[in-house]
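Next come the chains, spelled out residue by residue.
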Amino acid sequence: LLSKEKERIELSLSKKKNDEIRINVAIENHRSIQKELDKFMTLYNENFYIKKAMSSKEGIPLEFINIYMSNIKKTINELLDIVYHGDLCIDDFKINSDEFRIPYMKEGYLIPDIIQASQGETSFFSIALSFALISESILKYNIILLDEIDGNLDDEKRKRFIDVLERLIDMIDAEQIFLISHNNLF
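None of these values were measured; they are calculated from a predicted model.

I would appreciate a short explanation of the side chain of Asp113 in the present structure.
In this structure, Asp113 sits in the loop between strand 5 (109-111) and helix 3 (119-137). Of the polar contacts made by the side chain of Asp113, one reaches the backbone nitrogen of Ile102; its length is 3.0 Å. The residues touching Asp113, leaving out its near neighbours within four places in the chain, are Arg101, Ile102, Pro103 and Tyr104.

In structure tokens form, the structure reads like this:
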């Protein structure tokens, strides 16, 4: 009776040892798979951040756009000052994944976007923005073609447009400007 009990206990111990070995192997397999998963997750996260960094909505390109636009703000305001003598100037551009706005100051009041400007103001905002972009980006050739760019301006603003155009010529050291206009002052 004791020997049968001893055999049963030894068999039970043997099964428990086998179970322990299987469990230890499973634990080692789990650790190995977990390490591999961690490597893949690291790569995934690195790629995720690379994709995010390269996104034009939130990454490095958006930062370059903001830097580029902040560089032209000064030029735009210099050109607007020729016409409006400080009564009209743009504020910092609002460029992010949700919006693109150009706030401006008019006679001391902040207006949320140039879309709310009058037709004459919008015309000069467009001219100043175009000329500022030209002056910032002209590299190899400084030849400009302007086709009826002053068409929406009243007579007074057309006179001041010539001053703005002369300032642009000085800024970029223009070699040639081709201008199509119905402005008799030219």
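What should I look at first to understand the sheet that holds strand 4 (residues 104-106) in this one?
Strand-to-strand pairing in sheets goes through backbone hydrogen bonds, with the strands running parallel or antiparallel. Taken in spatial order, the 3 strands line up as 1-4-5 in an open sheet, and their pairing is antiparallel. On the outer flanks of this sheet lie strand 1 (88-90) and strand 5, each paired with one strand and no other. The average undirected angle you get between the axes of adjacent strands in this sheet is 25°. The sheet contact formed by strand 1 and strand 4 spans 3 bridges and is antiparallel.

Explanation requested: unusual backbone geometry in the structure shown.
Working note: non-glycine residues mostly have negative phi, and peptide bonds are mostly trans. Even without a glycine there, the phi angle at His85 is positive, about 50°. For His85, the location among the structural elements is in the loop between helix 2 (60-84) and strand 1. Positive phi outside glycine occurs at Glu107, with the angle close to 50°. Residue placement: Glu107 occurs in the loop between strand 4 and strand 5. Note on Glu107: relative accessible area 56%, which makes it exposed.

Looking at this structure, how should I read the packing of helix 3 against helix 4 (residues 155-172)?
Geometrically, a packed helix pair is captured by the angle between its two axes and the distance between the axes. At a minimum axis separation of 10 Å, helix 3 and helix 4 run at an interaxial angle of 10°. The angle between the axes of helix 3 and helix 4 places the two elements in the roughly parallel class. Of the residues in helix 4, those in contact with Phe124, Ile127, Phe131, Ile134 and Ser135 of helix 3 are Lys157, Arg160, Phe161, Val164, Leu165, Leu168, Met171 and Ile172.

Reading the values: the criteria
- Residues numbered from 1 in each chain as written.
- Predicted model: local features only at pLDDT ≥ 70, side-chain atom pairs only at ≥ 80, totals over all residues.
- Heavy atoms only, no water.
- Helix = DSSP H or I, 4+ residues; strand = E, 2+ residues; numbered from the N terminus.
- Polar contact = N/O pair within 3.5 Å; in protein donor to acceptor, adjacent residues only side chain to side chain.
- Contact = heavy atoms within 4.5 Å.
- Pairing = 2+ DSSP bridges.
- Axes fitted to C-alpha atoms, helices over the stretch in contact; angles between N-to-C directions.
- Buried < 20%, exposed > 50% of the residue type's maximum accessible area, 1.4 Å probe, protein only.
- Parallel < 35°, antiparallel > 145°, perpendicular 65-115°, else oblique.

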